[in-house]
Amino acid sequence: MEKLIVDSPADVPTRMQETYIENYRILTQNTGRLMMLSCDQKIEHLNNDFFGEHVPRDQKYGFGPLHLFDIARNANIGAMAAQCGLIARYGKEYESVNYIAKLNSKTNIIKTKHKDPISSQLWTLEDVNFINENTKINIRGVGYTIYLGSEFEQVMLTEAAQIIFQAHQYGLIAILWIYPRGKHVGLEDDIQLIAGAGGVANALGADFVKLKAPAKTRKKSSAELLKIAVQAAGNTKVICSGGQKITPKKFLDELYEQIHIGGTAGNATGRNIFQHELHEAVAMADAIAAIVYDNKSVNEAVTIFNKAKD
Amino acid sequence: MEKLIVDSPADVPTRMQETYIENYRILTQNTGRLMMLSCDQKIEHLNNDFFGEHVPRDQKYGFGPLHLFDIARNANIGAMAAQCGLIARYGKEYESVNYIAKLNSKTNIIKTKHKDPISSQLWTLEDVNFINENTKINIRGVGYTIYLGSEFEQVMLTEAAQIIFQAHQYGLIAILWIYPRGKHVGLEDDIQLIAGAGGVANALGADFVKLKAPAKTRKKSSAELLKIAVQAAGNTKVICSGGQKITPKKFLDELYEQIHIGGTAGNATGRNIFQHELHEAVAMADAIAAIVYDNKSVNEAVTIFNKAKD
Amino acid sequence: MEKLIVDSPADVPTRMQETYIENYRILTQNTGRLMMLSCDQKIEHLNNDFFGEHVPRDQKYGFGPLHLFDIARNANIGAMAAQCGLIARYGKEYESVNYIAKLNSKTNIIKTKHKDPISSQLWTLEDVNFINENTKINIRGVGYTIYLGSEFEQVMLTEAAQIIFQAHQYGLIAILWIYPRGKHVGLEDDIQLIAGAGGVANALGADFVKLKAPAKTRKKSSAELLKIAVQAAGNTKVICSGGQKITPKKFLDELYEQIHIGGTAGNATGRNIFQHELHEAVAMADAIAAIVYDNKSVNEAVTIFNKAKD
Amino acid sequence: MEKLIVDSPADVPTRMQETYIENYRILTQNTGRLMMLSCDQKIEHLNNDFFGEHVPRDQKYGFGPLHLFDIARNANIGAMAAQCGLIARYGKEYESVNYIAKLNSKTNIIKTKHKDPISSQLWTLEDVNFINENTKINIRGVGYTIYLGSEFEQVMLTEAAQIIFQAHQYGLIAILWIYPRGKHVGLEDDIQLIAGAGGVANALGADFVKLKAPAKTRKKSSAELLKIAVQAAGNTKVICSGGQKITPKKFLDELYEQIHIGGTAGNATGRNIFQHELHEAVAMADAIAAIVYDNKSVNEAVTIFNKAKD
Amino acid sequence: MEKLIVDSPADVPTRMQETYIENYRILTQNTGRLMMLSCDQKIEHLNNDFFGEHVPRDQKYGFGPLHLFDIARNANIGAMAAQCGLIARYGKEYESVNYIAKLNSKTNIIKTKHKDPISSQLWTLEDVNFINENTKINIRGVGYTIYLGSEFEQVMLTEAAQIIFQAHQYGLIAILWIYPRGKHVGLEDDIQLIAGAGGVANALGADFVKLKAPAKTRKKSSAELLKIAVQAAGNTKVICSGGQKITPKKFLDELYEQIHIGGTAGNATGRNIFQHELHEAVAMADAIAAIVYDNKSVNEAVTIFNKAKD
C-alpha cells in the first residue's frame, strides 16, 4: 500500500492541519483504514458484556476495566474507544494507547418499545483537549452515537454536527456511530437505511462512520450490499461494528469480505475481542489488525490468532 | 435586463454592505433571480434520491456525493445548497462553486402522522464564517427550513429569525425553505397557506423564500396563483422548489410560467438535475439557468438541454 | 392638554432617561396616549388579512407589505408595530416612521383547542439596538404577546419580564399584548380576566398594555367595565386592540368611549385601517389620531375620515 | 429583646457581610422577626383580591397598585414583597419603603387538577442589583415560590438554590415561599409535609421560609404543630402566610399563637391588610407589627387597630 | 495498613494534584476507605427521618439540623454529606467538619409509579469553590445522584459527567450515588444492575460510588455478590448505603462483610447513626469508623458503641 495522502476538511484550522493529519495517520497506521477496540459497553450494556455466560468461567467476578486497557496496550489496535471518564481514570497508566473519546452514552435499561433512544453529550471538546494538554495521554479522535429515526433524532444530529466541527477545530478525528432505531424505524439492518446513515455521516462532516453490516437479501450478500452504503458515505470512511461474539474464523471471514468486497475501511470490535482471556484477546485483536492494516488473508489472520493463543 | 440596483437590509452592518451586495450579485448573476442546486437530500431523504429506480441503471451503487459537486462545478448554477458538513468535506476540492450552507436538516424516517416535523439548527453562523475565513471556499448565503403549523413551529421561527439576522451581520444572503406541515395543517399546497409562508419569510427578514408551487384551482393555474404569494412575500424573493423528477420539457415549462406568469425569482432544483448522469445533469442545470438568468424561452432551454446531452 | 410630565421607571439607567422620555413623548405625541398601527399580522394571521373578501376587490393579489409602510409614512400615527425582520427589510426606505419592534409571533394554524398557544421571542434587545445604532431607523419601543392561562404561560411571562427590563435598559418603551387564551381559560373577554391581564402587565413593569375590550354585561357597557382594567393596570397605560373590520363610525364611537368613559390611553389598530385602499387607510388612521392625540369628538373624526377619502 | 447578634451564611462574601447584616437588621427591626406585606397577588391571583365582594363597596373599580404602596409607606412593616416590575414602576415614588423583590410568579388560571403548578424565574439578581445601584430604592431581599411535589419541582428547586446563593453574594436576604402542591400531593396542610417544606428551605440555604399554618389535628392545635416545622427548619426562620381575610381579632390571635406557641418568626400578610381602606389597612399592619416587632399582646394590638381606624 | 499511594486522575490539573491527594487522604484517613455521614435527607425524605416513630420519644419535635452537625463534629467520620445550602448555613460554626457537598436532590413526594425520578443539579462547582475560598469551611468532595434507567437518565448522566470533570479541575473528590429506578427498571437490588451501576460510575470518572447492597440470591450472600460490583467498578471505590435503621450489631455485621468479603471501601450511613440521641449517635459513628478506618472486628466495634453510649 502506497504512502497515504491525507488532506484535512475545511473545518480544520490551518494551524491544526498537521495535528489532524498526524492523528489520521496514526489511527489508520498510514493505511486509511481504522481498527478500533470498542470499550464503551460499561455504560451502553452495563455489566452484561463483562459477567455471565459469554465470559470465560474462571473469571469468577467478570472482567473489570483493566482487562480492556491491558488488551489495548498489548495488541496492535488503531485506537481504544472509551468514555472520557474511563480514559481519565486509567489513561495515565496506559499512555502508549491511542484513544477515541466517546462523548455520549446511554444505558440499555429502557427498551426502544418503551421509549425512543436518546444519548446526549456528556463531555465537551474542551474536556478532551484538557486531557491532551494536561497529560501524556493521546486522545486522537472523538466518537458520538446517533439513533437515526428516534423521536430525539434532532438532539443527536445537532450535538453530532457541533462535535464534528469542534473536533476538527482541535485537529481531532471525528467518528460517528449511526444506528437507525426507534418505534417508527422499520428494519434496522435494511441496506437503504444503513446507506442513508452513511450519507448522513458524510453530510454532517464525519471522518469515519460506524455502521452495522446490513442484512443480506435474497440476491445479495451483506458485503455486496455494503457497497451501496460506502458509495453513499462518500469520503466518510465506513467501518462495521462487531456485534455479538462469534467464532474467530467466522468473524475474520466477515471482516475480510466487508473490506475487500464491501469496500469498507476497517471495523470497531468489542465483545469479539474482550470476551476472551487477555492472551487470546490480544491475539484476536492482532488477527483483526492483520487484515485491516496489513492486508493479510483470512487464513493468515487465523494463524496469527492460533499462534498467539498457544 | 438593466444593471441591478441592490441595497442591503437594515440588519447588515455598514462595513459588511459591500460584502452583502457582492454576494447578492454573484448568487443572482446580477439579475435579482436565483438558481439553486439543492443538495441537502442526503439527510432529508437519506439515500432514497441517490439509489433505486429513479437513478440511471448503470449506477450500480447509486450516486455518491461527488456527483453533486461535479454538477455544481461544471454547470451554470447560482449556488449549491448543502449542509455545512458536506461543504467542509469537499469544498476545498471545489473552490469555484458558490455555496449556500444549509443550517438545519432532519431525516424522513418519522412521518408527519406520527410526529409533527422539527428540524433544528446544526451549525452556527460562526461556523460558516470560519470556513469562509479559513479557506478559499465561498459560502455566500445560508438556508434554513421552517415547517409552518408544526407544533414545533416556534423552535424553527426563533432559530430562523436569529439565523437571518446573524447571516446579515456577516453580509451573507438568508434563504428560508418554508413548508406548511403538521397534523393540524390542512392542504399543504393551498395558495392561502403558501402565500402566508411567503409573508412569514418577509416578516422574518429573509432575502429569498423557497416555496412549493401551489395546487391549481378550478379557476386558476398554479403559476397564476403564485402571484398572490409573490405579493405577500413583498421584497423577499420567491423561488419554487423542484420536487420529484419529471420530463425536462415539463419541468422547464413550469419554471418559465412560475417566473413569467407568477413573478417568482428563480428556483431550487435537486432531483430534476442530479438524477441524471453527469453530462445530462449539467445540461439540465444549464437549461434551467438559461431561463432564470438569461431570460431564454422554454424552447431555447430545451435546445440547450438536448445539445448538451449529445 | 397640558405639558406632559414623564418620569422613567427604575429600570431605566440614569444615562438613558433622556432617551426614554424622548421616546415616550414622541410615541404619545406629548399626550401620554398612544395610537399604534398594528402590522404584525403577516405572521399572526398569515395572508388572511391581506387577501380575500375583506380586501378591496381591485386588489387582485391582495395587499403587500408596502401598503402597510405607505400608510405609516403618510398618516398621523404614533408608531407602526411590526416584526424586526419586516422593519429590517423596509425601514431604510421609511425612515420617518416611528417603530415598535414586535419581538414574538406565532401563526394561527394550530387552534387553541388542539394546543395551547405559545409565542416565543424571535429577536433580542441587542438586535433592536443594532438597527437603531446602525441606521437612521427609529425603533422607539418593543412589543411582546403573552397568552395568559396557556400551559406555556411561564415561558411568555419570563420572556416578557426580561424584555421589559432590557428595553428600559436601552431607554425603549415596553408594550405588552396580553390575551387570556388556552383550553383552561373560560371567557376570554370577561372583565375580571382582562383586568387581571392589566394587572399582570403592571407587575411585569410594562409601560403600555394592549387588551381586548371586555364583553359588555347586562348592567354595564364595555367602556364602563374598562375602568376596572384601567384601575388594575395602575400606571401601565391601557390601549385597546382594534379587532375585525367594522364601519369607521362604529369604530370611532367605540374608541371615543374607551378613552373618555373607560379611561384608556389609546388604541392599536390594524385591519380597520389597512383593509382600506391607501388614501382611505390614511384617512382612517388620521381620524383615529384625531381622537387619541387631539381630543377631537367622534363627529370631527368622522369628518376627517370623510374629507380625506374624497 | 436584647441586641440581635447576626452572622452571615458562608455564601455571603466577606465584603458583603456588612450589607447582609444591615439588610437583616432593617428587615427584622433588630428583632430577628419579619413582618412582610405580601403584594405579589396582581399576578398570583390576577384581579380577584382587588375587586369584588372582599373589597369595600365604595371602591367602585377596585383597589389599584397605589393602594399597596400607600399602605407600605404609612405602616410599620418590615418589607413590601412585590414583583420587580411593580417595584420598578413605583419605587422611585416610594423610596422610604423596604422591598423584597419577588422573582417568580404564575397566574391562578390553570388549576392543579389540570396541570401541576410551575412558577419560573422572571428576573435575575443582576436585575435586582441594578435597581439598588441605579436608584435610591432599597431592595433588601428576594423571594421565590416552590411548589413542592409538583412534577416541575426540580425546575423550582434548581432556581431557588441558585437565587439564594446569588442573593447572598449581593448581601441580600433570601426568602422562600414553599407550598406542597400537585396532583401527587396529599393534604397540603399536613404538618409532616409543611415541616418537610421547612427543612427543604434550610437545606437550600434560605434565611426565611413562608409556610402555611398546618391544619390542626385531633390532639394538637395548629400553633402547637408548628413547633415541628420550626424545628425542621433549623436556623431558617419560619413565617406564616396570612391567607383569606378574616376578622382582625381572629387574625391577631392566630398570629400571636404562631409566634409564642409555634415559635415562628413573623408573618407575611396580604389580603388581611390591603382589603381594608387605606386608613384601616395601615392600622391593621401596625397592629401586626406590634405583635411581631414589639412583642405586644393581642389586646394591645387590637387596641392599636381600633384606635388607628377611628 | 501501609502508607497509601494516591495518584490523581487525568482530569485533575497538575497544579491541583496536591490538593486532590490531600482531600483524598483526609477523607479516607489515609486508608483508601471512606466513611460518610449522609445528611441529605432533609430534601430527599423531607421530615420523615427526623420526626416520628423512628426517633427517640423524648425528641418531642424531632431532630433539627444541629443534631446532624453535632454528630459530625464529635464523631470520627470521614465526611458529612449535605446540600450546599445546609453547609452554607451552619458550616462556619462547624469548621472542623470535612464536607461532601451534595449537588442535587429531589423530594420523595412523587412516587416512581407516577413519574420516573429526576434529580437535577442545584449548585455549581463554582459555588462550592466559592465557599472553600471565602471561608474556613473544608468541602473536600462533591456528590451527585443518578437514577439509572429513569426516562430522565440522560439529564443525570450528563450533569454527573460534567460535575466529576469539574470537581477534579478543583482538586475535589467526586462521589456518585447510583440507584437503578424507574418504571422500566426491574429489580432495583439485582446484582447485575448494581454491578452495572458501578461500571457506569467508573466510565463517568467517579472516585467513589455509593450503591445499595444487592439482594442475596439462593446461592450467594449479598456480600459475596458485591464482589461482582466491585470488579465492575474498577478503580472507582464502592461504598454501600446504609438504609433503614436496624440494630447496631446487625448493621456492623453487614458492614464488616461488605468490606472484608465484598471488597467495598466503606459506607455512607445516615439513619442508622442520626436516629439515635447525640451521644449514642456519635458512638455508632465511631463504631462504624473503627471498622472502616481502623480495621477493627465487629466485636471491637460493638464494644466501642456500647462503651460510648454508657
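A few points on the structure. (Residues numbered from 1 in each chain as written. Chains lettered and ligands numbered in written order. Predicted model: local features only at pLDDT ≥ 70, side-chain atom pairs only at ≥ 80, totals over all residues. Heavy atoms only, no water.)

### Let's talk about the interface of chain A and chain B
Rules: The contact criterion used is simple: two residues touch if any of their non-hydrogen atoms lie within 4.5 Å. Take the accessible area each of two parts loses on contact, using a 1.4 Å probe, and add the two losses: that sum is the buried area. For salt bridges, the criterion is a side-chain nitrogen of Lys or Arg within 4 Å of an Asp or Glu carboxyl oxygen. Runs of H or I in DSSP of at least four residues are treated as helices and runs of E of at least two as strands, each being numbered from the N terminus. Each residue gets one of three labels, nonpolar for Ala, Val, Leu, Ile, Met, Phe, Trp, Tyr, Cys and Pro, charged for Asp, Glu, Lys and Arg, and polar for the others, Gly among them.
Chain A puts 44 residues into the contact, and the matching count from chain B is 39 residues. Together chain A and chain B conceal approximately 3,500 Å² of surface at their shared face, both sides included; 55% is due to carbon and sulfur atoms. Across the contact surface, chain A and chain B share two salt bridges. Between Asp207(A) and Arg89(B) there is a salt bridge, and its shortest N-O distance comes to 3.1 Å. Elements that contribute at least two residues to the side of chain A that touches chain B include exactly α6 (153-169), α7 (191-204) and α8 (222-233) of chain A. Here the side of chain A that touches chain B is composed, by residue class, of 17 nonpolar, 20 polar and seven charged.

### Some words on the interface of chain D and chain C
How big an interface is tends to be stated in terms of the accessible area lost upon association of its parts. As a reminder, the rule being used: Two N or O atoms count as a polar contact when they lie within 3.5 Å, although within protein this holds only if one can serve as hydrogen donor and the other as acceptor, and sequence-adjacent residues are included solely when both atoms are side-chain atoms.
At the junction of the two partners, chain D supplies 39 residues and chain C supplies 44 residues. With both chains or domains summed, chain D and chain C bury close to 3,500 Å², and 55% of this area falls on carbon and sulfur atoms. Taken together, chain D and chain C are joined by 24 residue pairs in polar contact (both at pLDDT 80 or more). For the side of chain D that touches chain C, a count of residues per class yields 17 nonpolar, 15 polar and seven charged.

### Re the side chain of Glu159(C)
Residues and elements named next belong to chain C. The following threshold applies: Only protein chains enter the area calculation, which uses a 1.4 Å probe; residues under 20% of their type maximum are buried, those over 50% are exposed, and those in between are partly exposed. Under the counting rule used here, the positive set is Lys and Arg, the negative set is Asp and Glu, and His together with the chain ends is not counted.
Mapped onto the secondary structure, glutamate 159 falls in helix α6 (residues 153-169). The buried charged residue glutamate 159 lacks any salt bridge, with lysine 102 as its nearest oppositely charged partner at 11 Å. Contact partners of glutamate 159, with chain neighbours within four places excluded, come to Ser119, Ser120, Gln121 and Tyr144.

### What about the packing of α6(C) against helix α5 (residues 125-134) of chain D?
In a pair of packed helices, the angle between the axes and the distance between the axes together describe the arrangement. Put simply, the rule is: The convention used is that axes are lines fitted to C-alpha atoms, helices contributing only their stretch in contact, and that angles between N-to-C directions extend from 0 to 180 degrees. By the definition adopted for this analysis, an angle is roughly parallel if under 35 degrees, roughly antiparallel if over 145, roughly perpendicular if from 65 to 115, and oblique otherwise. Less than a right angle of anticlockwise turn of the near helix away from the far helix marks a crossing as left-handed, whereas a clockwise turn marks it as right-handed.
Look at α6(C) against α5(D): their axes get within 12 Å of each other, and the N-to-C directions meet at 40 degrees. On the basis of their axis angle, the class for α6(C) and α5(D) is oblique. Here the hand of the crossing between α6(C) and α5(D) comes out left-handed. Here Gln162(C), Phe165(C) and Gln169(C) of α6(C) lie close against α5(D), whose contacting residues are Asp127(D), Phe130(D) and Ile131(D).

### Focus: the relation of the copies chain D and chain C
Taken together, a rotation about one axis and a shift along it account for how the two chain copies relate. The following threshold applies: In superposing the copies, a least-squares fit is computed on C-alpha atoms, taking residues whose pLDDT is at least 70 in both.
Once turned by 72 degrees and shifted 0.0 Å along the axis, chain D lies on chain C with an RMSD of 0.0 Å. Classification of the inter-copy transformation places it as that of a five-fold axis.

### With respect to the nonpolar core
One broad trend across soluble globular proteins is that nonpolar side chains are buried collectively. The line we're drawing: What is meant by a nonpolar core is a set of buried Ala, Val, Leu, Ile, Met, Phe, Trp, Tyr and Cys residues, joined one to another through side-chain atoms within 4.5 Å.
With 560 residues, the main nonpolar core has Leu204(A), Leu204(B), Leu204(C), Leu204(D) and Leu204(E) as its most contacted residues. Excluding anything up to four places from it in sequence, Leu204(C) contacts Ile146(C), Leu157(C), Ala160(C), Ala161(C), Ile164(C), Leu176(C), Ile43(D), Gly85(D), Leu122(D) and Trp123(D).

### Points about unusual backbone geometry
The phi dihedral of Asn30(A) falls on the positive side, at around 65 degrees, and the residue is not glycine. Assignment of secondary structure puts Asn30(A) in the loop between α1 (17-27) and β1 (34-38).

### Points about the pattern of salt bridges
Applying the stated criterion across every chain yields a total of 60 salt bridges over all chains. With a closest N to O distance of 2.9 Å, Asp40(B) and Lys102(B) form a salt bridge. One end of the pair, Asp40(B), is in the loop between β1 (34-38) and α2 (41-44); the other, Lys102(B), is in strand β3 (residues 98-102), and 62 residues separate them in sequence. The buried category is assigned to Asp40(B), whose relative accessible area is 5%. Classification of Lys102(B) as buried rests on a relative accessible area of 0%. The partner of Arg271(E) in a salt bridge is Asp49(E), and the shortest N-O contact between them spans 3.7 Å. Here the residue Arg271(E) occupies a position in helix α10 (residues 271-274), and Asp49(E) occupies one in the loop between α2 (41-44) and α3 (65-74), the gap between them amounting to 222 residues. When sorted by exposure, Arg271(E) lands in the same class as Asp49(E), which is buried. Residues joined in a network through salt bridges with shared partners are Asp40(A), Glu44(A) and Lys102(A).

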